[in-house]
Amino acid sequence: MAENFQHPIQGLQFVKRKTGGSRDVLVASAGAKLYSYAAESGQRLSVWPQDGADSSTANDAGSNPETEGPPEKKRKVDPLEKKESAVPEKKKPAAWSHIPILTSTPDGEYVVALTGEDKSIRVFQIEEDGAFQELSARPMPKRPCSITFMDKNEILLGDKFGDVYSMPLIPSAEVRISKASAQQKKQIAATNLTVHTRRNLKSLEMQKQQAAKKAEQPQEPIDEPSFEHQLLLGHVSLLTDVAFVSIPSPDPSSARKRSYILSADRDEHIRVSRGPPQAHIIENYCLGHTSFISSLCIPTWAPEILISGGGDPYLLVWNWTAGQVLHKVPLMEGAPEAKEVAVRSIWASSLGSDSPNPICLILVALEGNPTLQTFTLSPNGTLTTHKPLLASGNILDVQTHPNNNTIFISTDNIREPGSTQDWRSTPATPHSLLQTFTLKQGGKTLEWESAPDALSSSINATGTSIVSVNAQKAQNNALYGLENLRKKMYGDDDAGSVL
């Protein structure tokens with residue numbers, strides 16, 4: 001029965017603490033909830049929001065001082081009256097059905113999540129015991145498609161409308177008045193005492209009449225956030241991914257770094273812009289894809305290298321500072337040419353960073369596919385293909401363990417492997433929410449073997465929340481949607497038309 005299916009883990013994030021006394025945790029998003037687990041044992045530490053809690057204000061710390069007024073006064077109620085009028089309280093459902101984006105600050109102090117339908121960016125602090133303390137919830141006018149961080153943990157996000165914004169990690173309590181709102185409240189400064197000519201007096205009288213008519217008409221609310229944010233740049237096409245990187249200045253005498261924003265869109269463009277406050281300046285473009293771009297990856301150990309992928313059956317490796325393609329790598333070798341692929345995400349990880357020869361690993365997951373493509377990146381930008389890794393279900397997210405050569409893969413335990421629509425006839429027992437693979441030692445090529453450990457076994461045994469029958473269609477739309485970015489042609493006569 002579908003009622004026995006559990007929400008798959010859509011997002012994974014290792015939160016590695018840099019401050020002493022705090023243990024590392026694994027944060028996961030599944031359905032409308034966040035879960036925290038002990039990184040060593042997989043013991044569940046906390047769930048947000050709690051069952052029965054009003055998800056719009058899951059806890060007192062989650063209230064937003066920017067948009068909420070003072071709390072209402074509570075009326076004292078006689079105990080007998082309360083008992084007579086007692087009605088079983090209905091649990092308020094979450095205002096969202098999924099959490100598509102989950103990330104954490106580099107220092108491991110904060111977690112940032114995007115809740116789906118209400119398009120809110122929520123910032124959490126992870127307590128010593130792994131509990132979630134919600135610090136802010138900021139609803140955006142358009143749903144963000146990518147969230148990353150700039151210097152000083154400032155949030156950088158791109159939305160599907162094509163705009164890239166920056167905002168502070170911790171919002172100010174002061175309400176921000178937008179330019180549009182200020183324009184609405186603008187008063188006419190001129191008076192009969194400051195205007196003297198007959199022509200100017202006539203113009204002033206007309207302005208007053210227009211202002212009076214406008215004041216009588218109901219003012220439409222302006223759909224613009226009231227919290228502090230800054231529009232940095234925009235695309236004319238649908239935005240798909242955003243990356244931020246800092247590299248040393250080309251001037252050898254300068255110790256300062258230069259920052260850049262890389263943004264990708266549906267129209268095969270990768271734009272390289274300067275970082276704030278000069279984000280309006282475009283340095284160059286990386287042009288080489290023939291279909292939409294869905295994922296950008298810049299390895300921390302090679303900030304001048306960019307790996308990009310999307311609706312093309314290949315990856316491109318760039319020297320993005322020059323807009324030059326260094327390497328083109330095919331995906332899904334041996335697959336039929338007619339089969340279209342879409343890159344779900346690209347991850348970069350350096351295994352064995354303490355050793356003299358660390359493994360510079362590039363992992364690639366495809367939309368609705370249980371195969372994880374594995375590559376190693378050489379200093380000259382060449383990607384070497386290794387044996388792929390086969391999971392038990394479609395790959396949703398990947399995280400590498402910070403302390404050993406282990407990777408954790410969250411899989412779709414609801415749908416048939418290789419399909420984005422067909423549900424399994426029965427749920428897997430035990431649940432396969434998370435799989436663990438370790439790297440085999442020795443050999444010239446990388447090989448992985450399944451190695452269940454305490455963390456994955458505990459998470460699978462604990463499980464997540466149950467998927468209701470009514471949520472099946474919403475689940476398909478929440479987890480899979482990259483194919484909607486692909487432009488559809490309609491014959492030779494309509495070669496230039498797209499859907």
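- Looking at an unreviewed UniProt entry, one finds the protein named Transfer RNA methyltransferase 82 and attributed to Aspergillus granulosus.
- Per UniProt, the comment on the protein under Sequence similarities (unreviewed entry) is "Belongs to the WD repeat TRM82 family."

## Section: the overall build of the protein
Move 1: For the protein, the count of helices and strands is 5 helices and 28 strands.
Move 2: Here the protein, with 499 residues, has 47% of them falling under the buried criterion.
Move 3: Residue pairs in contact within the protein that sit at least 24 positions apart in sequence constitute 53% of those at least 6 positions apart.
Move 4: Of the roughly 26400 Å² of accessible surface on the protein, 51% is carried by carbon and sulfur atoms.

## With respect to the sheet that holds strand β1 (residues 9–15)
Move 1: With respect to topology, 4 strands assemble into an open sheet ordered β1-β2-β3-β4, the strand pairing being antiparallel. At either margin of the open sheet sits one strand with a lone partner, and together these are β1 and β4 (44–48). Direction aside, neighbouring strands of the sheet carry axes that sit 20° apart on average.
Move 2: The pairing of β1 with strand β2 (residues 25–30) spans 6 bridges and is classified as antiparallel. Counted as the bridge partner of I9 is A30 from β2.

## A closer look at the pattern of salt bridges
Move 1: Applying the stated criterion across every chain, the model contains 11 salt bridges.
Move 2: A single network of salt bridges, built from pairs that share partners, joins D118, R122 and E134.

## Remarks on the environment of A322
Move 1: Inspection of the secondary structure puts A322 in the loop between β19 (314–319) and β20 (324–330).
Move 2: Each C-alpha atom, one on A322 and one on V272, is 9.8 Å from the other, the two residues being 50 residues apart in sequence.

## Examining a nonpolar patch on the surface
Move 1: Nonpolar side chains collect at one region of the surface, where I282, Y285 and L287 lie side by side and expose about 270 Å² of accessible area between them.
Move 2: Tracing the sequence through the fold places Y285 in strand β16 (residues 282–287).
Move 3: Under the relative-accessibility criterion, Y285 is labelled partly exposed at 36%.

## Notes on the side chain of T371
Move 1: Note that T371 resides in strand β23 (residues 371–377).
Move 2: You can call T371 buried: its relative accessible area is 16%.
Move 3: Excluding residues that lie within four positions of it along the chain, T371 makes contacts with V364, P388, L389, L390 and I395.

## Focus on the environment of S465
Move 1: With respect to the secondary-structure elements, S465 resides in the loop between α4 (454–462) and α5 (472–479).
Move 2: Classification of S465 as partly exposed rests on a relative accessible area of 21%.
Move 3: Taking C-alpha positions, S465 is 7.5 Å from G31, a pair spaced 434 residues apart along the chain.
Move 4: Once residues lying within four places of it in the same chain are set aside, the contact partners of S465 are F5, Q6, H7 and Y35.

## Some thoughts on the sheet that holds strand β26 (residues 406–411)
What holds strands together in a sheet is hydrogen bonding between their backbones, with the strands either parallel or antiparallel.
Move 1: Strand order in the open sheet formed by 4 strands is β25-β26-β27-β28, with antiparallel pairing between adjacent strands. The two strands at the open ends of the sheet, each matched to only one other strand, are β25 (395–400) and β28 (448–450). For this sheet the average axis-to-axis angle between neighbouring strands, irrespective of direction, equals 30°.
Move 2: Pairing analysis gives 5 bridges linking β26 to strand β27 (residues 434–439), with the strands arranged antiparallel. The partner of F408 across the bridge, within β27, is T436.
Move 3: Against the sheet, α4 touches β26 and β27, its axis set at about 170° to β27.

## Topic: the pairing of β20
Move 1: With 6 bridges joining them, β19 and β20 adopt antiparallel strand pairing. The partner of L316 across the bridge, within β20, is K328.
Move 2: Counted along the chain from β19 to the antiparallel partner β20, the turn is 4 residues long, and its residue G323 has a positive phi close to 65°.

## What about the packing of aromatic side chains?
Aromatic rings considered in pairs are described by the distance between their centres and by the relative angle of their planes.
Move 1: With the rule as written, the count across this model stands at 7 aromatic pairs.
Move 2: With 5.5 Å between their ring centres and 90° between their planes, F5 and W423 make a pair best called edge-to-face. Pair noted here: F5 is in the segment before β1 and W423 is in the loop between β26 and β27, with a separation of 418 residues, a long-range link. With respect to burial, F5 and W423 carry one shared label: buried.
Move 3: On the basis of an interplanar angle of 20° and a centroid distance of 6.4 Å, the ring pair of Y35 and Y37 is categorised as stacked.

## Comments concerning the nonpolar core
Move 1: L315 and V364 are the most contacted members of the largest nonpolar core, which has 19 residues in total.
Move 2: For this core, the secondary structure elements donating two or more residues are β18 (305–310), β19, β21 (343–351), β22 (359–366) and β23.
Move 3: Top contributing element to this core by residue count: β22, with 4 residues.
Move 4: If we ignore the near neighbours within four places in the chain, the residues touching L315 are I307, S308, G309, H327, K328, V329, L331, V343, I346, V364, F375 and L383.
Move 5: Ranked by size, the runner-up nonpolar core spans 17 residues in total, among them Y260, L262, V272 and L306.

## Some points on α4
Move 1: Of the residues making up α4, those classed as buried are L455, S456, I459 and N460. Summarising the axial view, the buried residues of α4 lie within an arc of 120°, below the 170-degree limit, and thus occupy one face.
Move 2: Looking at the buried side of α4, the elements it contacts are β1, β2, β3 (33–38), β26 and β27.
Move 3: The positive-phi residue at the C-terminal boundary of α4 is G463, with phi of around 75°.

Conventions used here
Residues numbered from 1 in each chain as written. Predicted model: local features only at pLDDT ≥ 70, side-chain atom pairs only at ≥ 80, totals over all residues. Heavy atoms only, no water. UniProt positions renumbered as here; feature names shortened; annotations may be inferred. Helix = DSSP H or I, 4+ residues; strand = E, 2+ residues; numbered from the N terminus. Buried < 20%, exposed > 50% of the residue type's maximum accessible area, 1.4 Å probe, protein only. Contact = heavy atoms within 4.5 Å. Areas by Shrake-Rupley, 256 points an atom, 1.4 Å probe, with all protein chains shown as cover. Pairing = 2+ DSSP bridges. Axes fitted to C-alpha atoms, helices over the stretch in contact; angles between N-to-C directions. Salt bridge = Lys/Arg side-chain N within 4 Å of Asp/Glu carboxyl O. Patch = residues over 30% accessible without salt bridge, like charges linked within 9 Å, V, L, I, M, F, W, Y side chains within 5 Å. Phe/Tyr/Trp six-rings, centres within 6.5 Å; stacked < 30°, edge-to-face > 60°. Core = buried A, V, L, I, M, F, W, Y, C linked by side-chain atoms within 4.5 Å. Arc of directions from axis to C-beta.

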